[in-house]
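Listed below, chain by chain, are the residues.
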Amino acid sequence: AQSVAQPEDQVNVAEGNPLTVKCTYSVSGNPYLFWYVQYPNRGLQFLLKYITGDNLVKGSYGFEAEFNKSQTSFHLKKPSALVSDSALYFCAVRDEFSGGYNKLIFGAGTRLAVHP
Amino acid sequence: GAGVSQSPRYKVAKRGQDVALRCDPISGHVSLFWYQQALGQGPEFLTYFQNEAQLDKSGLPSDRFFAERPEGSVSTLKIQRTQQEDSAVYLCASSLRTNEQFFGPGTRLTVL
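Residues numbered from 1 in each chain as written. Chains lettered and ligands numbered in written order. Predicted model: local features only at pLDDT ≥ 70, side-chain atom pairs only at ≥ 80, totals over all residues. Heavy atoms only, no water.

Colleague: Is there a simple way to explain the overall build of chain B in this structure?
Modeller: Each helix and strand counted, chain B has zero helices and eleven strands in total. Reading chain B from its N terminus to its C terminus gives the helix and strand order β-β-β-β-β-β-β-β-β-β-β. A compact globule built from 112 residues would reach a C-alpha radius of gyration of about 13 Å, and chain B, at 13 Å, matches this within 12%. Across its three principal axes, chain B shows a C-alpha extent of roughly 35 × 25 × 25 Å. Considering chain B as a whole, with its 112 residues, one finds that 46% of them fall into the buried category. A fraction of 52% describes how many contacts in chain B between residues 6 or more apart in sequence connect residues 24 or more apart. With an accessible surface of roughly 5600 Å², chain B has 47% of that area assigned to carbon and sulfur atoms. (Helix = DSSP H or I, 4+ residues; strand = E, 2+ residues; numbered from the N terminus. Rg over C-alpha atoms; globule rule 2.2 N^0.38 Å. Buried < 20%, exposed > 50% of the residue type's maximum accessible area, 1.4 Å probe, protein only. Contact = heavy atoms within 4.5 Å. Areas by Shrake-Rupley, 256 points an atom, 1.4 Å probe, with all protein chains shown as cover.)

Colleague: I keep staring at the interface of chain A and chain B and nothing clicks. Help me out?
Modeller: Where interface size is given, it is often the accessible area lost as the parts come together that is meant. Listed per partner, the contact involves 17 residues of chain A and 21 residues of chain B. The contact between chain A and chain B buries some 1600 Å² in all, and 51% of this surface belongs to carbon and sulfur atoms. On the chain A side of the contact with chain B, Tyr101(A), Asn102(A) and Lys103(A) bury the most area, a combined 32% of that side's loss. Taken together, the links from chain A to chain B amount to two salt bridges. Its salt-bridge partner being Glu100(B), residue Lys49(A) comes within 3.2 Å of it at the nearest N-O pair. In this structure, the connection of chain A to chain B is made through eight residue pairs in polar contact (both at pLDDT 80 or more). (Buried area = accessible area lost by both parts, 1.4 Å probe. Salt bridge = Lys/Arg side-chain N within 4 Å of Asp/Glu carboxyl O. Polar contact = N/O pair within 3.5 Å; in protein donor to acceptor, adjacent residues only side chain to side chain.)

Laid out in structure tokens, this is it:
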């Protein structure tokens, strides 16, 4: 069955340090992968996506993600964390049987806390 | 420009009441999605519209849930005879066909 796993409920990092939020996926075909961020009382905001091409994808707010097919992972990274990056992060994969539209399967989310 | 808006932002219903949740997508967006987000969980797909056509309703949990988008713009998610397990945040998202989705702020439904 298709699924997305975010193995960490929470990630703590000091401001200025690099951050990684982990995501692994399970699909039978080629994955379409997404990262979204959710701030309190606000909707999800798109950060970046991988469809095909370069395994390193750059997105909004200085975030990037690395697609690793052999490890079925799509970890979110940022070289230098900001306190304002503190939020809830969701990894998602497009349902490969959705007929061409982006019916998304989300992970449970990882709370990122960046400390001053 | 305006993003996706949803109303009401908060709704409290007594068990057994019917509720209607509204979504105003970004103008011109063909695709519209509804998701349900339970506390501490990621969003789960409910249904998908392409213009006024409901192409996928596989995620609707029961026949108490009904969604419509009669003119291909505003959409309404209706829940009949609400139950406590319906308590969740209901998210609406729109997009230009297969592009990334833009999400609204959600409607938090609490069923007492």
